[in-house]
Amino acid sequence: MLSLQVWRAIRLVLDTGIHSKRWTREQAIAYFKANSSVADTDVAREVDRYFNWPGQATSYMVGELKIAELRARAERELGPRFDIRDFHEAVLDQGALPLDVLDEQIGRYIAAHRQ
């Protein structure tokens, strides 16, 4: 789990460095290599991905934080009625959604499971 958190942190720094700080490919590769034990070919592939898909790491993190917030809300409001499987179904049921729409969906899920 911790290694995945480090990986996500590196991606956030790369995303910001490349698109806000205007890092070169070489600067991004050097940062990635200095902060991970990933093979060189994988580093280059990841860096190229972030050059071609601005905001990807940031959007993943924003989504992860929002889902964690919604889960905490559901756990708090449902108490012993909270079931992680049902929560996952509610999150994934409609596919990819804007976060405000997902928030509304989880609100409906909570209301339905209170009864």
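What counts, and at which threshold
Residues numbered from 1 in each chain as written. Predicted model: local features only at pLDDT ≥ 70, side-chain atom pairs only at ≥ 80, totals over all residues. Heavy atoms only, no water. Helix = DSSP H or I, 4+ residues; strand = E, 2+ residues; numbered from the N terminus. Buried < 20%, exposed > 50% of the residue type's maximum accessible area, 1.4 Å probe, protein only. Expected span 1.5 Å × (residues − 1). Arc of directions from axis to C-beta. Contact = heavy atoms within 4.5 Å. Axes fitted to C-alpha atoms, helices over the stretch in contact; angles between N-to-C directions. Parallel < 35°, antiparallel > 145°, perpendicular 65-115°, else oblique. Left-handed = near helix turned anticlockwise from the far one by under 90°.

S.K.: Teacher, can you tell me more about the environment of Asp48 here?
M.R.: Structurally, Asp48 can be placed in helix α3 (residues 40-52). On the basis of relative accessibility, which here comes to 28%, the residue Asp48 falls in the partly exposed class. With 23 residues separating them in the primary sequence, Asp48 and Arg25 have C-alpha atoms 7.7 Å apart.

S.K.: Looking at this model, I keep getting lost on the environment of Ala44. Mind explaining?
M.R.: Mapped onto the secondary structure, Ala44 falls in helix α3. The buried category is assigned to Ala44, whose relative accessible area is 19%. Sequence separation between Ala44 and Gln115 is 71 residues; the distance between their C-alpha atoms is 52 Å.

S.K.: I tried to follow α3 on my own but got confused; where do I start?
M.R.: One turn of an α-helix holds 3.6 residues; hence residues three or four places apart share an orientation. Between its terminal C-alpha atoms α3 stretches 18 Å, which fits the 18 Å expected from 13 residues at 1.5 Å a residue. Within the sequence span of α3, burial applies to Val43, Ala44, Glu46, Val47 and Tyr50. Angularly, the buried residues of α3 cover 165° about the axis, an arc narrow enough to put them on a single face. Exposed residues lying more than 90 degrees from the buried face of α3 are Thr41, Arg45 and Asn52. Where the residues of α3 are buried, they touch α1 (2-19), α2 (25-35) and α4 (56-78).

S.K.: Sorry, what's going on with unusual backbone geometry here?
M.R.: The phi torsion of most residues other than glycine is negative, and most of the peptide bonds are trans. Positive phi outside glycine occurs at Arg22, with the angle close to 60°. As for its position among the elements, Arg22 is in the loop between α1 and α2. Judged by its relative accessible area of 63%, Arg22 falls in the exposed class.

S.K.: Any chance you could explain the packing of α2 against α3 here in plain terms?
M.R.: Angle between the axes and distance between the axes: these two values describe a pair of packed helices. Packing of α2 against α3 leaves a shortest axis separation of 10 Å and a crossing angle of 130°. Judged by the inter-axis angle, α2 sits oblique to α3. Like other packed secondary-structure pairs, α2 and α3 cross with a definite hand, here right-handed. Contact residues: α2 offers Arg25, Ala28, Ile29, Phe32 and Lys33, while α3 offers Asp40, Val43, Ala44, Glu46, Val47, Asp48 and Phe51.

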